[in-house]
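Each chain, written out:
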Amino acid sequence: MKRKLILAALIFLCFILQTTLFKMSSFLIVSPNLLLIISCAIGFMQGKKEGIMAGFFAGIITDLTYGRLFGRYALIYLLIGWFCGRYANIYFDEDLKVPLALISGSDLVFNLYVYLTGFLFRGRLDIGFYLKNIMLPEMIWTFLVGIVLYRILYVINHDLVEKEKEGRQSLWIRE
């Protein structure tokens, strides 16, 4: 239960940071996708179930705020959390290559999905402009912020796992 509350608080905090601080201080047109980073990181560290849960709630909060079509963002974040959760069996504590590759690839897929569902169906066919001015800068920006945010999420996850292990060893706590 504690893990779920902390996960919800992290998602809400990332949402607030993504929609306020990073939107105002962005030196480019785009800002990093913190909700994507947290969905990927939780999925990668905890598995498919946790990744799906993190992605779904990250998408729902985005849909409630920005979505014209309810469930559009919930679906893509959920799928990204599930996909990254499939790689939880190769999770290594100190390795950043795999999670950052997953974050970058997921950001590219996310932006392609947004292009297809938001622009292409409305007749805007200039994918080169969207790729050059939005997709690639956001992917780079998300990658750079992901380096720092992933380490923070790693520390939080490591502490939660250690506390859960200690709690399970107690004779008084039964599940």
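Predicted model, so just to flag it, every value in this text is computed and none were measured.

**Q** Break down the overall build of the protein for me, with residues and values.
**A** Helices and strands together make up the secondary structure of the protein, namely 7 helices and 0 strands. Taken from N to C terminus, the helices and strands of the protein fall in the order α-α-α-α-α-α-α. Projecting the C-alpha coordinates of the protein onto the three principal axes gives extents of approximately 65 × 30 × 30 Å. Here the protein, with 175 residues, has 43% of them falling under the buried criterion. Long-range pairs, those at least 24 residues apart, make up 71% of the contacts in the protein between residues at least 6 apart in sequence. Just so you have it, the protein exposes about 10,300 Å², and 69% of that area is on carbon and sulfur atoms.

**Q** Give a description of the packing of aromatic side chains that names residues and reports values.
**A** Taken as a whole and assessed by the stated rule, the structure comprises 5 aromatic pairs. Aromatic pair Phe-83 and Tyr-87: ring centres 5.3 Å apart, planes at 70°, arrangement edge-to-face. A relative accessible area of 33% means that Phe-83 is categorised as partly exposed. Connected via pairs of aromatic rings, a cluster forms that spans Tyr-73, Tyr-77 and Phe-110.

**Q** An account of the layout of surface pockets is requested, with residue identities and associated values reported.
**A** Each pocket or cavity is described by its volume, and for the largest pocket that value is around 760 Å³. If you trace the largest pocket, you find 28 residues lining it, with Lys-23, Arg-72, Tyr-73, Phe-110 and Val-114 closest to the centre. Where the lining of the largest pocket is concerned, the elements lending two or more residues are helix 1 (2–19), helix 4 (48–66), helix 5 (72–85), helix 6 (97–118) and helix 7 (127–169). A total of 5 residues in the lining of the largest pocket trace back to one element, the largest contributor, which is helix 6. Of the residues belonging to the lining of the largest pocket, the class tally is 14 nonpolar, 9 polar and 5 charged.

**Q** Describe the environment of Ile-29, and please don't skip the residues or the numbers.
**A** As for its position among the elements, Ile-29 is in the loop between helix 2 (21–25) and helix 3 (34–46). Exposure remark for Ile-29: the relative accessible area of 72% places this residue in the exposed category. Each C-alpha atom of the pair Ile-29 and Glu-138 lies 8.6 Å from the other, and the pair is 109 residues apart in sequence.

Parameters and conventions
Position numbers for residues count from 1 along each chain, tracking the sequence in the order it is written. Per-residue local features of the predicted model are confined to residues with pLDDT of at least 70, and side-chain atom pairs are confined, for both listing and counting, to 80 or more; whole-chain, interface and lining totals are unaffected and use all residues. The side-chain quantities take in all heavy atoms of the structure and omit both hydrogens and water. Helix and strand assignments come from DSSP, with helices taken as H or I runs of at least 4 residues and strands as E runs of at least 2, each series counted from the N terminus. Residue burial is assigned from relative accessible area. The probe radius is 1.4 Å, only protein chains are included, and a residue is buried under 20% of its type maximum, exposed over 50%, and partly exposed in between. By the convention used here, residues are in contact when the closest approach between their heavy atoms is within 4.5 Å. Note on areas: Shrake-Rupley, 1.4 Å probe, and residue coverage restricted to the protein chains presented here. Under the pairing criterion, centres of Phe, Tyr and Trp rings, with the six-membered ring standing for Trp, must be within 6.5 Å; the plane angle then separates stacked pairs below 30 degrees from edge-to-face pairs above 60, leaving the rest tilted. Put plainly, a pocket is an open set of points on a 1 Å grid over the protein atoms alone with protein on both sides within 12 Å along at least five of seven lines, a cavity is a set where a 1.4 Å probe fits but cannot get out, and a lining residue has an atom within 4 Å of a point. Grid points are joined across faces, edges and corners, and a volume is the space filled by probe spheres set on the points. Any residue outside Ala, Val, Leu, Ile, Met, Phe, Trp, Tyr, Cys, Pro, Asp, Glu, Lys and Arg is labelled polar, Gly included; the first ten of those are nonpolar and the last four are charged.

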